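Residue-level listing of the chains:
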Amino acid sequence: MRALSTIMVCLAATGCIGQPSAEPSPSRSTPPPSLAEAMTLEAAARGRAMALVGCASCHAVDRNGASPLAAAPPFRDVVRRRSIDELETAMSQGLVTTHPAMPPYVFRASEIDDLTAYFETLRDEQGRP
């Protein structure tokens, strides 16, 4: 997973090299993201990438589409039913379910941060604060 994160950071960095900086247009209505917001967006992108690699074979990880495994709830439904704090706690204790098809997962703190940042984006897309 660390190698995947390193590759993603390198790809993102090389995509920015040599690109002229764009001046904001005078009609732009929203300010650029703060450093904290930018870091949260990056964490959410890493969380989504982890979900695509580790979870998408069973769960729908985006806001649309059905789960490949009918018994696996889409992540958008999970964030509707459980608070982000509950999900974070479950991941920190080792995600173990009573569903025999789902293997137990143990997450590092940085992975939990990234996944919860991604879950927040799904929660926001559902119209919840």
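This text follows the structure it describes.
Just so it is clear, the structure is predicted and the values come from calculations on it, not from any experiment.

Visitor: Explain the overall build of the protein to me, using residue names and the numbers behind them.
Guide: Tallying secondary structure elements over the protein gives five helices and zero strands in all. Listing the helices and strands of the protein from first to last along the sequence gives α-α-α-α-α. Buried positions account for 26% of the 129 residues belonging to the protein. Relative to all contacts within the protein whose residues are 6 or more apart in sequence, the contacts with residues 24 or more apart total 55%. Entry remark: accessible area of the protein is about 8700 Å², with carbon and sulfur atoms responsible for 61%.

Visitor: Before we move on, can you summarise helix α2 (residues 35-54) with the specific residues and values?
Guide: Here α2 contains 20 residues, and its C-alpha end-to-end distance of 28 Å stays within 8% of the 28 Å for a straight helix at 1.5 Å per residue. Those residues of α2 not exposed but buried are A43, A44, G47, A49, M50 and A51.

Visitor: Before we move on, could you go through the nonpolar core and cite the residues and values that matter?
Guide: A general trend in soluble globular proteins is that nonpolar side chains are found buried together. The biggest cluster of nonpolar side chains holds 16 residues, and the ones touching the most others in it are F75, V79, L87, M91, L115, F119 and L122. Elements with a contribution of two residues or more to this core: α2, α3 (75-81), α4 (84-92) and α5 (109-125). In terms of residues, this core owes the most to one element, α5, which gives five residues.

Visitor: Got a sec to walk through the side chain of D114? Specific residues and values, please.
Guide: In this structure, D114 sits in helix α5. A relative accessible area of 8% places D114 in the buried class. Setting aside its immediate chain neighbours within four residues, D114 contacts A43, A44, R46, G47 and M50.

Visitor: How would you explain α4 if you had to name every residue and give the values?
Guide: Turning to α4, its buried residues number three or more, namely I84, L87, A90 and M91. The buried residues of α4 occupy an angular sector of 125 degrees when the element is viewed end-on, so they sit on one face. What points out from α4, more than 90 degrees from its buried face, is the exposed set D85 and S92. Taken from the residues just after α4, G94 is the one with a positive phi, measuring 95 degrees.

Visitor: Describe in detail the state of the cysteines, supporting the description with residues and values.
Guide: A full pass over the atoms with the stated rule returns zero disulfides. In this structure C55 is not part of a disulfide, and its nearest cysteine sulfur, from C58, lies 8.7 Å away.

Visitor: Residue-level account of the packing of aromatic side chains, with values.
Guide: Enumeration over the complete set of coordinates arrives at two aromatic pairs. Summarising the aromatic geometry, the rings of F75 and F119 are spaced 5.4 Å apart at their centres and angled 90 degrees between planes, so their arrangement reads as edge-to-face. Here the residue F75 occupies a position in helix α3, and F119 occupies one in helix α5, the gap between them amounting to 44 residues. Of the two residues examined, F75 and F119, each falls in the buried class. With 5.9 Å between their ring centres and 20 degrees between their planes, Y105 and F107 make a pair best called stacked. When its relative accessible area of 29% is taken as the criterion, Y105 is described as partly exposed. Take F107: its relative accessible area is 17%, and that puts it in the buried class.

Rules and cut-offs
Residues numbered from 1 in each chain as written. Predicted model: local features only at pLDDT ≥ 70, side-chain atom pairs only at ≥ 80, totals over all residues. Heavy atoms only, no water. Helix = DSSP H or I, 4+ residues; strand = E, 2+ residues; numbered from the N terminus. Buried < 20%, exposed > 50% of the residue type's maximum accessible area, 1.4 Å probe, protein only. Contact = heavy atoms within 4.5 Å. Areas by Shrake-Rupley, 256 points an atom, 1.4 Å probe, with all protein chains shown as cover. Expected span 1.5 Å × (residues − 1). Core = buried A, V, L, I, M, F, W, Y, C linked by side-chain atoms within 4.5 Å. Arc of directions from axis to C-beta. Disulfide = S-S within 2.5 Å. Phe/Tyr/Trp six-rings, centres within 6.5 Å; stacked < 30°, edge-to-face > 60°.

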